[in-house]
Amino acid sequence: MAAAVPGGARGRAAAALLLLLLLGCCGAAAAGGLQDQAEQFFRSGHTNNWAVLVCTSRFWFNYRHVANTLSVYRSVKRLGIPDSHIVLMLADDMACNPRNPKPATVFSHKNMELNVYGDDVEVDYRSYEVTVENFLRVLTGRIPPSTPRSKRLLSDDRSNILIYMTGHGGNGFLKFQDSEEITNVELADAFEQMWQKRRYNELLFIIDTCQGASMYERFYSPNIMALASSQVGEDSLSHQPDLGIGVHLMDRYTFYVLEFLEEIHPASQTNMNDLFQVCPKSLCVSTPGHRTDLFQRDPQNVLITDFFGSVRKVEITTEALSLDRDVAGFESKFPEEELATEPLKYAEQLPVAQIIHQKPKQKDWHPPGGFILGLWALIIMVFFKTYGIKHMKHVF
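Under an unreviewed UniProt entry, the chain has the name GPI-anchor transamidase and belongs to Rhabdornis inornatus. The heading Subunit (unreviewed entry) in the UniProt record of the chain holds the text "Heteropentamer. Part of the GPI-anchor transamidase complex, consisting of PIGK, PIGT, PIGS, PIGU and GAA1. Interacts with GPAA1. Interacts with PIGT; this interaction, via a disulfide link, stabilizes the expression of GAA1 and PIGK and links them to PIGS." In its Pathway (unreviewed entry) section, the UniProt record describing the chain reads: "Glycolipid biosynthesis; glycosylphosphatidylinositol-anchor biosynthesis."

As structure tokens, this is what we get:
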């Protein structure tokens, strides 16, 4: 009997160990399933999106560069990125240019149906505020404390950032307003500062300029994907000439990229490989390029909406939430006289579109003061020529 006890104990211990192993395997399987679901839910690893859209050219003949930037601005807003997460920099105000035959409008297509300026555009940096210094300060966060929130890039290590730039450039540089330039080395160092300061999770850089591929040759920071409209030694060509305005309305590369984005919706599963193919050389004339060696994920697994859209992480619950108790407690804090107030009313006014397009009122015509004086002088001259001085006594 004494020898049977240890054997029974060993049997019970083995059974307990087997049970623990089974529970551990089930728990690991469940944890693995939850982890897979979490990884699928947070596939890109980001929780917010930002966009920095920059037009570096001024003067009327660079109308297309402003239209490029405003068209991208319209697309990212349509896909869910709010104005609070967009930093828009326009070096010139084409909508209010005296040469614009249709004031307060900027069109990106020759049919003149789509006004990309719109009624709700929010320009954060305009005119001479668009400088290399301000652009680098926005990226790195080295801005004065007095800078308003709308002019800040308040990103973090969970932010996916889209940076779009357009203007005139060359081998290794992009001009700002024909007065200064940013080099590919300065841009690469700015991105490295952003990575060191944990200001982005993933970054998509797109540039539409001559020899645009030279601007991403010096990048060395991780998680950066870059696209350009032309290779080194090639020009980026314009598109959509308009005889009424007298300039081209857009650049070829941006035109076909935006044509592609018009088919994208917030739930679209289109990936970045599709974006790489939107403008072949037969359409762009130049050779678009892209760089993905610094990017950790496969571009085939990167959705377009990871950069051009805005994520909304939500938690779904089946439990009913009752707010009656909280509402009752809130109402008890205030007397009935304060609660029974009239609703706010807004002054009646015309919509912005009607204000812009309404015809000016006709003004009453009044002859200028010099006209009356000249008319009297003409009457006197005709009188003297007809009757002479001797008939003056009949007048007075």
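Take the confidence of the model for the chain next. Regions with low pLDDT should not have their predicted coordinates read in detail. Of the residues in the chain, 72% reach a pLDDT of 70 or more, and the chain-wide mean stands at 81. When pLDDT is averaged over each element of the chain, helix α4 (residues 184-196) comes out on top at 96 and helix α11 (residues 352-357) at the bottom at 43. Long-range and interchain partners of residues 1-5, a stretch whose pLDDT sits below 50, account for 0 contacts in this model, where long-range means more than four residues apart. With pLDDT under 50 throughout, residues 344-361 is counted as low confidence; its partners more than four residues away or in other chains account for 7 contacts.

Moving on to the pattern of salt bridges. For side chains bearing opposite charge, pairing can occur when the charged atoms are close. Scanning the model with the defined rule gives 12 salt bridges in all. Across the pair Asp93 and Arg126 runs a salt bridge, and its minimum N-O distance is 3.6 Å. On the criterion of sequence distance, the pair formed by Asp93 in the loop between β2 (86-90) and β3 (125-126) and Arg126 in strand β3 is long-range, its members being 33 residues apart. Given the relative accessible area of 25%, Asp93 is considered partly exposed. A residue is classified by how much of its surface remains accessible, and Arg126, at 36% relative accessible area, is partly exposed. Across the pair Arg198 and Asp157 runs a salt bridge, and its minimum N-O distance is 2.5 Å. Here Asp157 lies in the loop between α3 (132-140) and β4 (159-166) and Arg198 lies in the loop between α4 and β8 (202-208), a separation of 41 residues in the sequence.

Turning our attention to the environment of Leu203. The topology assignment puts Leu203 in strand β8. Its relative accessible area of 0% is what places Leu203 among the buried residues. Separated by 44 residues in sequence, Leu203 and Ser159 have C-alpha atoms that sit 8.5 Å apart. Other than its neighbours up to four places away in sequence, Leu203 contacts Ile161, Ile163, Phe191, Met194, Asn223, Ile224, Met225 and Phe307.

In protein chemistry, a disulfide is the covalent bond that joins the sulfur atoms of two cysteines. Scanning the model with the defined rule gives 1 disulfide in all. Bridging Cys279 to Cys284, the disulfide has an S-S length of 1.4 Å. On the sign convention where negative is left-handed, the bridge of Cys279 and Cys284, at about 110 degrees about the S-S bond, is right-handed. Per residue, the accessibility class of Cys279 equals that of Cys284, and both read buried.

This part is about the nonpolar core. Taken as a class, soluble globular proteins show a tendency for nonpolar side chains to be buried jointly. Among the nonpolar cores identified, the biggest contains 53 residues, and Leu53, Tyr63 and Phe308 are the most heavily contacted of them. Phe308 has contacts with Val76, Leu79, Ile81, Leu162, Leu204, Ile206, Leu261 and Leu275, leaving out every residue within four places of it along the chain. If you look at the next biggest cluster of nonpolar residues, it comprises 36 residues, including Val54, Leu139, Tyr216 and Leu294.

Tracing the backbone through its elements, the reader meets Ser230 in the loop between β9 (224-228) and β10 (238-242). Of note is the side chain of Ser230, whose polar atom sits 3.1 Å from the backbone nitrogen of Gly212. In this structure, Ser230 is in contact with Thr209, Cys210, Gln211, Gly212, Ala213, Asp235, Ser236, Ser286, Thr287 and Pro288, ignoring residues within four places of it in sequence.

Here we take up the packing of helix α2 (residues 63-78) against helix α5 (residues 252-261). Packing of α2 against α5 leaves a shortest axis separation of 10 Å and a crossing angle of 15 degrees. Put simply, α2 runs roughly parallel to α5. When you trace α2 past α5, the crossing you get is left-handed. Two secondary-structure elements touch here, α2 through Asn68, Ser71, Val72, Ser75 and Arg78 and α5 through Thr254, Leu258 and Leu261. Of the residues belonging to the contact of α2 with α5, the class tally is 3 nonpolar, 4 polar and 1 charged.

Let us now look at the UniProt feature "active site" (unreviewed entry) in the chain. Taken from the UniProt record, the annotation "active site" (unreviewed entry) applies to His168 and Cys210. Spatially, the listed residues are clustered: although they cover 43 residues, their C-alpha atoms lie within 6.5 Å of one another. Among the secondary structure elements, His168 is positioned in the loop between β4 and β5 (169-170). Contact partners of His168, with chain neighbours within four places excluded, come to Thr56, Ser57, Asn62, Arg64, His65, Leu174, Lys175 and Thr209. For His168, the side chain forms a polar contact with the side chain of Asn62, separated by 2.7 Å. Here Cys210 shows up in the loop between β8 and β9. Excluding residues within four positions of it along the chain, Cys210 makes contact with Gly169, Gly170, Ser230, Glu234, Asp235 and Ser236.

The subject of this paragraph is a negative patch on the surface. Residues Glu180, Glu181, Glu186 and Asp189 make up a contiguous surface patch of negative charge. Those elements that provide at least two residues to the negative patch are β7 (180-183) and α4. Inspection of the secondary structure assignment puts Glu181 in strand β7.

Calculation criteria
- Residues numbered from 1 in each chain as written.
- Predicted model: local features only at pLDDT ≥ 70, side-chain atom pairs only at ≥ 80, totals over all residues.
- Heavy atoms only, no water.
- UniProt positions renumbered as here; feature names shortened; annotations may be inferred.
- pLDDT = per-residue confidence, 0-100.
- Helix = DSSP H or I, 4+ residues; strand = E, 2+ residues; numbered from the N terminus.
- Contact = heavy atoms within 4.5 Å.
- Salt bridge = Lys/Arg side-chain N within 4 Å of Asp/Glu carboxyl O.
- Buried < 20%, exposed > 50% of the residue type's maximum accessible area, 1.4 Å probe, protein only.
- Disulfide = S-S within 2.5 Å.
- Core = buried A, V, L, I, M, F, W, Y, C linked by side-chain atoms within 4.5 Å.
- Polar contact = N/O pair within 3.5 Å; in protein donor to acceptor, adjacent residues only side chain to side chain.
- Axes fitted to C-alpha atoms, helices over the stretch in contact; angles between N-to-C directions.
- Parallel < 35°, antiparallel > 145°, perpendicular 65-115°, else oblique.
- Left-handed = near helix turned anticlockwise from the far one by under 90°.
- Nonpolar A, V, L, I, M, F, W, Y, C, P; charged D, E, K, R; others polar.
- Patch = residues over 30% accessible without salt bridge, like charges linked within 9 Å, V, L, I, M, F, W, Y side chains within 5 Å.
- Areas by Shrake-Rupley, 256 points an atom, 1.4 Å probe, with all protein chains shown as cover.
- Lys, Arg positive; Asp, Glu negative; His and termini not counted.
- Charge placed at Lys NZ, Arg CZ, Asp CG, Glu CD.

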